[in-house]
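# Descriptive analysis of the structure
Here is how the chains run, residue by residue.
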Amino acid sequence: MIDLDPRHAAAFINRGAALWALDRIDDAAADFDRAVHLAPTDPVALYNRACALHGIGQDTNNQHLIRQAIADYEQMLGLIAAGGHDDVPSEWIELAQSYHNELLDQLGHNAADTGAEL
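Residues numbered from 1 in each chain as written. Predicted model: local features only at pLDDT ≥ 70, side-chain atom pairs only at ≥ 80, totals over all residues. Heavy atoms only, no water.

### Thoughts on the packing of aromatic side chains
Selection rule: Stacked, edge-to-face and tilted labels apply to pairs of Phe, Tyr and Trp rings (six-membered ring for Trp) whose centres lie within 6.5 Å, assigned for plane angles under 30 degrees, over 60, and everything in between, in that order. By definition, any uninterrupted DSSP run of H or I lasting at least four residues is a helix, any uninterrupted run of E lasting at least two residues is a strand, and each is numbered from the N terminus. For every residue, the accessible area (1.4 Å probe, protein chains only) is compared with the maximum for its type, and the residue is labelled buried under 20%, exposed over 50%, or partly exposed between those bounds.
Tallied over the entire structure, the rule returns 3 aromatic pairs. Ring plane angle 15° and centroid distance 4.7 Å describe the contact between Y47 and W92, whose orientation is recorded as stacked. Residue Y47 is located in helix α3 (residues 43-60), and its partner W92 is located in helix α5 (residues 90-114); the two are separated by 45 residues in the primary sequence. Residue classification places W92 among the partly exposed positions, given a relative accessible area of 27%. Members of the aromatic cluster, each reached through a chain of ring pairs, are Y47, Y73, W92 and Y99.

As structure tokens, then:
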């Protein structure tokens, strides 16, 4: 599908999910990023990119990626709260809220550990 229409966000989401399943998280993140650029108000694209950045950010202790994951979770949850996105599984919404709070707590602890302010 991507070869036929490289502007099809769902194709990048699907390929990203397949790459994720193959434990190719960096490649999956790149596809999810492309999907968000193509469809910036798609909560599924935002959720998937947030999850990928969350994982990579924690594995590499990359604060920038963790902050981007937080922003993606917030945007995704905001879009859902605004309505019109009934296709997002309730489990994803609950996970996004939980992951969002976990990352905020983690950043708070990291800032307190280093004496830095957020």
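### Considerations on α3
Put simply, the test is: Helices are assigned an expected span. That span is 1.5 Å times one less than the residue count. As used in this structure description, the phrase polar contact means that two N or O atoms lie within 3.5 Å; if the pair is within protein, one of them must be able to donate a hydrogen and the other to accept it, and residues adjacent in sequence are counted only when both atoms belong to side chains.
Given a rise of 1.5 Å per residue, 18 residues ought to cover 26 Å, and the 25 Å separating the end C-alpha atoms of α3 matches this to within 8%. Where burial is concerned, most of α3 is hidden: 14 out of the 18 residues are buried. For α3, the N-terminal capping position is held by D42, with its side-chain oxygen 2.8 Å away from the main-chain nitrogen of V44. In the segment just after α3, N61 is the residue with positive phi, at about 55°.

### Side note on the nonpolar core
Defined as follows: Among buried residues, those of type Ala, Val, Leu, Ile, Met, Phe, Trp, Tyr and Cys that are joined through side-chain atoms within 4.5 Å constitute a nonpolar core.
Judged by nonpolar contacts, the single largest core of 33 residues is most densely connected at A35, Y47, Y73, M76, A96 and L103. Secondary-structure elements contributing two or more residues to this core are α1 (9-21), α2 (25-38), α3, α4 (63-82) and α5.

### Some thoughts on the confidence of the model for the chain
Stated precisely, the cut-off is as follows: Confidence scores here are pLDDT values: one per residue, from the predictor, ranging 0 to 100. Note on contacts: a residue pair is in contact if any heavy atoms of the two residues lie within 4.5 Å.
Mean pLDDT for the chain: 88, with 86% of residues reaching 70 or above. Here α5 stands out as the least confident element of the chain, with mean pLDDT 84; α2 is the most confident, with 97. Contacts from residues 112-118, a stretch scored under 50 in pLDDT, to residues over four places away or in other chains number 5 contacts.

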